[in-house]
Amino acid sequence: YKLSVSPEMDIMEYCTKEWRGNTPVAKRMRKGYEAVAQKFASIRRVRGDNYCALRATLFQALSQATQLPSWLQSEDFTMLPENLLSKYDWIKQWQLKQKLGRKMGEISDEIKEYLILLRKKWKNISEIKGPIEKQEACDKLFKNEEEEYSLYEALKFLMLNTAIELYNDDKNGRRVPVFSWLLFARDTSSNPRQLMHNHLNHIGHSGGLEQVEMFLLAYALQYTIQVYRLYKYSTDEFITLYPNEPEEDWPVVTLITEDDRHYNIPVRMCQETLL
């Protein structure tokens, strides 16, 4: 088996190994890691394929989950593929992982299975009380390739659903977050159909998540994604929040990136010194 999220390692030890030398870039990275080490003791490397943003976010969300998010509890959650396909014929061209040439019914059934799996895993892990047992359950899940990749398909479909909602809200004159305009201002994604064809279908295959899609992921999960962007150290983009103005009640997950392409995860929050 391949472990998708490697065991934890001391952050500064990791940094020293990765960033030797005295180039301006290496110096900046070391400063960035030092700043992260004020808050977190360890880092876990995330396997670097084109799913790594989804993998890092989901791993963090599950490893600190204490309850099932309300959107996962709703009755019609598993009816999503069926409902969307009945309105948008083009979703038939959703590219399921490595299995081409399916019939329409199959696509909706398959995605439904992924959504059910997501709910089940989230529920099971959130009910585990002990932190060590919870971590073990997460590690086990992220060693099971079949299940792990099915969960990413579920996340991508939720991103599509969120994009459709935002697009329709905007068309109907309702307020939408700024990133939604940016998402649909791209030549390659001026509507949800193009977003699916040119972006979501490629995530995990030939590309990862772009910046604006990190916002979409955050909205789909109703989580704030806080990212230490190490190459932006000493600028006001060093710690970036997706979305910029998060909802009060959204849980927060934290990731680290050196280049906005690959994401790792910081673990073990340092005990804040009590003043």
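Treat the numbers as computed from the prediction; the structure is a model and nothing was measured.

Reading guide: rules and limits
- Sequence order as written defines the numbering, with residues in each chain counted from 1.
- pLDDT decides what is reported in this predicted model: residues at 70 or higher carry local features, side-chain atom pairs at 80 or more are listed and counted, and totals for whole chains, interfaces and linings draw on all residues regardless.
- Each side-chain value is derived from all of the structure's non-hydrogen atoms; neither hydrogens nor water enter the calculation.
- Note on conventions: DSSP H or I runs of at least 4 residues are helices, E runs of at least 2 residues are strands, and numbering of each starts at the N terminus.
- Residues adjacent in sequence count toward polar contacts only when both atoms are side-chain atoms; beyond that, a polar contact is any pair of N or O atoms within 3.5 Å, and within protein one must be able to donate a hydrogen and the other to accept it.
- Whether two residues touch is decided by their heavy atoms; if any such pair falls within 4.5 Å, the residues are in contact.
- Here a Phe, Tyr or Trp ring, Trp counted by its six-membered ring, pairs with any other such ring whose centre lies within 6.5 Å, and the pair is stacked when the planes are under 30 degrees apart, edge-to-face when over 60, and tilted otherwise.
- When accessible area is computed with a 1.4 Å probe and restricted to protein chains, residues below 20% of their type maximum are described as buried, those above 50% as exposed, and intermediate ones as partly exposed.
- UniProt positions are given in the numbering used here, feature names are shortened, and annotations may be inferred rather than shown by experiment.

1. Some thoughts on the side chain of Lys-134
- With respect to the secondary-structure elements, Lys-134 resides in helix α7 (residues 131-141).
- Separated by 3.0 Å, the side chain of Lys-134 and the backbone oxygen of Ile-128 make a polar contact.
- With near-sequence residues (within four places) excluded, Lys-134 lies in contact with Leu-62, Ser-63, Ala-65, Thr-66, Ile-125, Ser-126 and Ile-128.

2. A look at the packing of aromatic side chains
- Throughout the structure, instances matching the rule amount to 18 aromatic pairs.
- Plain terms: the ring middles of Trp-122 and Tyr-223 are 6.0 Å apart, the flat faces sit at 55° to each other, and that makes the pair tilted. Of this pair, Trp-122 sits in helix α6 (residues 104-126) while Tyr-223 sits in the loop between α11 (211-221) and β3 (224-229), and the two are 101 residues apart along the sequence.
- Here Tyr-149 and Tyr-152 contribute two aromatic rings whose centre-to-centre distance is 5.7 Å and whose plane-to-plane angle is 90°, an arrangement assigned as edge-to-face. Pair noted here: Tyr-149 and Tyr-152 are both in helix α8 (residues 145-171), with a separation of three residues, about one helical turn. The residues Tyr-149 and Tyr-152 share a single accessibility class, namely buried.

3. Topic: the UniProt feature "active site" (unreviewed entry) in the protein chain
- In the numbering used here, UniProt assigns the feature "active site" (unreviewed entry) to Asp-49, Cys-52 and His-262. Taking the farthest pair of C-alpha atoms as the criterion, the annotated set spanning 214 residues converges on one region, since that pair is 8.3 Å apart.
- Within the element layout of this structure, Cys-52 appears in helix α3 (residues 52-63).
- Using a relative accessible area of 2% as the deciding quantity, one classes Cys-52 as buried.
- Setting aside anything within four residues of it in sequence, one finds Cys-52 in contact with Val-46, Arg-47, Arg-261, His-262 and Tyr-263.
- Summarising the element assignment, His-262 is placed in the loop between β5 (252-257) and β6 (263-269).
- Setting aside chain neighbours within four positions, we find His-262 in contact with Val-46, Arg-47, Gly-48, Cys-52, Ile-256 and Thr-257.

4. Remarks on unusual backbone geometry
- A cis amide bond links Tyr-242 with the next residue in sequence, Pro-243, at an omega value of -10°.
- Note that Pro-243 resides in the loop between β4 (239-242) and β5.
- Positive phi values are uncommon outside glycine, yet Ser-234 reaches one of about 70°.
- Looking at the element boundaries, Ser-234 is found in the loop between β3 and β4.
- Even without glycine at this site, Asp-260 takes up a positive phi of about 65°.
- Residue position: Asp-260 is located in the loop between β5 and β6.

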